[in-house]
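Understanding the architecture of this molecule
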Amino acid sequence: MTTARTVLAVALALVLLPLGVAKIAAVPFMRRAAAHLGMSPGLYRVIGVLETAGVAGLLLGLATIPLGLAAAAGLAALMVAAAVAHLRRGDPPGRALPAAVLALAAVAYAGVATAAAG
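Described in the following lines is the structure provided in the data block. (Residues numbered from 1 in each chain as written. Predicted model: local features only at pLDDT ≥ 70, side-chain atom pairs only at ≥ 80, totals over all residues. Heavy atoms only, no water.)

**With respect to empty space enclosed by the protein**
Going through the model one piece at a time under the given rule, you end up with one cavity of 30 Å³ or more. There is about 40 Å³ of room inside the largest cavity. For the largest cavity, the full set of lining residues is Lys 23, Ala 26, Met 30, Arg 31, Ala 34, Pro 41, Tyr 44 and Arg 45. Those elements that provide at least two residues to the lining of the largest cavity are α2 (28-36) and α3 (41-60). Among the residues forming the lining of the largest cavity, the class breakdown is five nonpolar, no polar and three charged. (1 Å grid on protein atoms, 1.4 Å probe; cavity = no way out; pocket = protein on both sides within 12 Å on 5 of 7 lines; lining within 4 Å. Points joined across faces, edges and corners; volume = space filled by probe spheres on them. Helix = DSSP H or I, 4+ residues; strand = E, 2+ residues; numbered from the N terminus. Nonpolar A, V, L, I, M, F, W, Y, C, P; charged D, E, K, R; others polar.)

As structure tokens, then:
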């Protein structure tokens, strides 16, 4: 287990887990965000479940590299989709930037995990 992989997994978990749980719980802030993006609360809950599962996969992936790779790929795709959703909505690029940065962090995790596996 590399330090870089651990740091990336924990950093992604610290950001994405609270957001995923808030989406699942449909807290008012997340309901407003879903409405802003034209998404139903149910779809936003599904996204929260995917984020939470991705975080679990990253953390478990510290022990099982293939699981971490799959989780990182899923989270990267989810974050790219989030960035695209913001841009399609007409939000300024700065609103899409956090999702893009998280996607890059997930890709970095996958790169580090691949290097550790090889």
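**A word on the pattern of salt bridges**
By the definition in use, this model includes one salt bridge. Among the salt bridges present, the one from Glu 51 reaches Lys 23, with a minimum N-O distance of 3.1 Å. Taken together, the residues Glu 51 in helix α3 and Lys 23 in helix α1 (residues 3-25) connect sequence positions 28 residues apart. Judged by relative accessible area, which is 3%, Glu 51 ranks as buried. (Salt bridge = Lys/Arg side-chain N within 4 Å of Asp/Glu carboxyl O. Buried < 20%, exposed > 50% of the residue type's maximum accessible area, 1.4 Å probe, protein only.)

**Focus on the packing of aromatic side chains**
Going through the model one piece at a time under the given rule, you end up with zero aromatic pairs. It is Lys 23 that lies over the ring of Tyr 44; its NZ or CZ is 5.4 Å from the centre. (Phe/Tyr/Trp six-rings, centres within 6.5 Å; stacked < 30°, edge-to-face > 60°. Lys NZ or Arg CZ within 6 Å of the ring centre and 35° of its normal.)

**Re the layout of surface pockets**
The computed volume of the largest pocket comes to approximately 560 Å³. Lining the largest pocket we find 23 residues, and of these Lys 23, Leu 37, Tyr 44, Ala 82 and His 86 sit closest to its centre. At the level of secondary structure, the elements contributing two or more residues to the lining of the largest pocket comprise α1, α2, α3, α4 (65-89) and α5 (93-117). Per-element accounting of the lining of the largest pocket gives the leading share, six residues, to α4. Along the lines of polarity and charge, the residues of the lining of the largest pocket split into 17 nonpolar, two polar and four charged.

**Things to note about the environment of Gly 42**
Take Gly 42: it is sitting in helix α3. By relative accessible area, which is 42% here, Gly 42 ends up partly exposed. In this structure, the C-alpha to C-alpha distance between Gly 42 and Tyr 109, residues 67 residues apart in sequence, is 29 Å.

**Focus: the packing of α4 against α5**
Here α4 crosses α5 at 165 degrees, and the two axes come no closer than 8 Å. Classed by the angle they form, the pair α4 and α5 counts as roughly antiparallel. Considering the relative orientation of α4 and α5, their crossing is left-handed. Its residues assigned to classes, the contact of α4 with α5 comprises 23 nonpolar, three polar and one charged. (Axes fitted to C-alpha atoms, helices over the stretch in contact; angles between N-to-C directions. Parallel < 35°, antiparallel > 145°, perpendicular 65-115°, else oblique. Left-handed = near helix turned anticlockwise from the far one by under 90°.)

**Description of the nonpolar core**
Membership of the largest hydrophobic core comes to 30 residues, with the highest contact counts inside it found for Leu 12, Leu 16, Met 39, Tyr 44, Leu 58 and Tyr 109. Sorting the residues of this core by element identifies α1, α2, α3, α4 and α5 as the ones contributing at least two each. Per-element accounting of this core gives the leading share, eight residues, to α4. If near-sequence neighbours (up to four positions away) are discounted, Met 39 is found in contact with Ala 34, Tyr 44, Ile 47 and Ala 85. (Core = buried A, V, L, I, M, F, W, Y, C linked by side-chain atoms within 4.5 Å. Contact = heavy atoms within 4.5 Å.)

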